[in-house]
Amino acid sequence: MPSESLEAEVREFLVQLMPLEHAPAHLRLAFHDAGTYDARTQTGGAHGTVHLPEEVQRGDNTGWGQPCIELLAEAKASYPTVSWADLVALGGAAAVQKCGGPMIQIGLGRTDASVAAPRNRLPGGYEGASLLKTIFARMGLGPRELVALSGAHTLGYTQRRSFTRHPWAFSNAYFTQLLTQRDRPLEHRHRPPRRPRPPPVRRALRGGRAPLSIRLCRSLPPLDVAWQRSHGSLISAGP
Ligand code: HEM
């Protein structure tokens, strides 16, 4: 089968079988495979290693990572000639389409690696603008690409809050929101229960002084405040 027809068939397979609520995680997974790339040493990158247990179980991939891999494994069983690297990337493209975004043709032919990508190469949410630029420069990407790619956060959730009002609709809401809602950039549609049980960390603290790691965590600002500082300033800075 010609490569373009095969790609279209596998993409359709994924769009049909992908639960809508898993779509953001598929997009994120595609980034987490490709985003380990180091342009200087030519290591990491879109080689499908995110499907290896060692990598998918990392803190970077908590959430729907494993169910995403299970869907990709079904696709692999039906289309064994397609590499894991292509399937992961196609999962990202299918996710955009599932959420009402454009059909993105990505081309097939990525090769698989058998060893997990090096650790600590992906951004986690608390980096400032300058560190984000450094991380993306390592991938061979500039600030414009960093800002454009960050628009992926129009989809999905963090800390039980959706980034935008419609977390399963592909739009430019992420950008308009960051520019207009300066004091509260993330949506708060899924509030925690009114009287939440204290989180385990706070319960553990009742008895005395917290371990250093917990004290450091508590000194961090809420994620949305950190996010506004870094991503908001990047967008406002312009090209
Ligand atoms: C610019 C640097 C980036 C940072 C700091 C960042 C950080 C984060 C964080 C902290 C989360 C929440 C994870 C959680 O709470 O479980 C998240 C979610 C997400 N990220 Fe990123 N990310 C970045 C770039 C990207 C890129 C380039 C893409 C894709 C092109 C992407 C796609 C997503 C998606 C779709 C979600 C939602 C996942 C879900 O709801 O399951 N991110 N990101």
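Residues numbered from 1 in each chain as written. Predicted model: local features only at pLDDT ≥ 70, side-chain atom pairs only at ≥ 80, totals over all residues.

K.L.:
Describe the environment of Arg 138, and please don't skip the residues or the numbers.
P.N.:
With respect to the helices and strands, Arg 138 occurs in helix 6 (residues 129–138). In this structure Arg 138 comes out as partly exposed when scored by C-beta crowding, with 17 C-beta atoms within 10 Å. For Arg 138 and Arg 121, which are 17 residues apart along the polypeptide, the C-alpha to C-alpha distance reads 9.1 Å. Setting aside residues no more than four positions away along its own chain, Arg 138 makes contact with Asp 38 and Ala 39. (Helix = DSSP H or I, 4+ residues; strand = E, 2+ residues; numbered from the N terminus. Buried ≥ 20, exposed ≤ 12 C-beta atoms within 10 Å, placed from the backbone. Contact = placed C-beta atoms within 7 Å.)

K.L.:
Help me get a handle on the site of the ligand, residues and values and all.
P.N.:
Not every one of the 23 residues close to the ligand is listed here, only the nearest: Pro 123, Gly 125, Ala 152, Gly 156 and Thr 158. Those elements giving two or more residues to the shell around the ligand turn out to be helix 2 (23–34), helix 7 (143–150) and strand 1 (157–158). A total of five residues in the shell around the ligand trace back to one element, the largest contributor, which is helix 2. Looking at side-chain class alone, the shell around the ligand contains 12 nonpolar, nine polar and two charged residues. (Near = placed C-beta within 6 Å. Nonpolar A, V, L, I, M, F, W, Y, C, P; charged D, E, K, R; others polar.)

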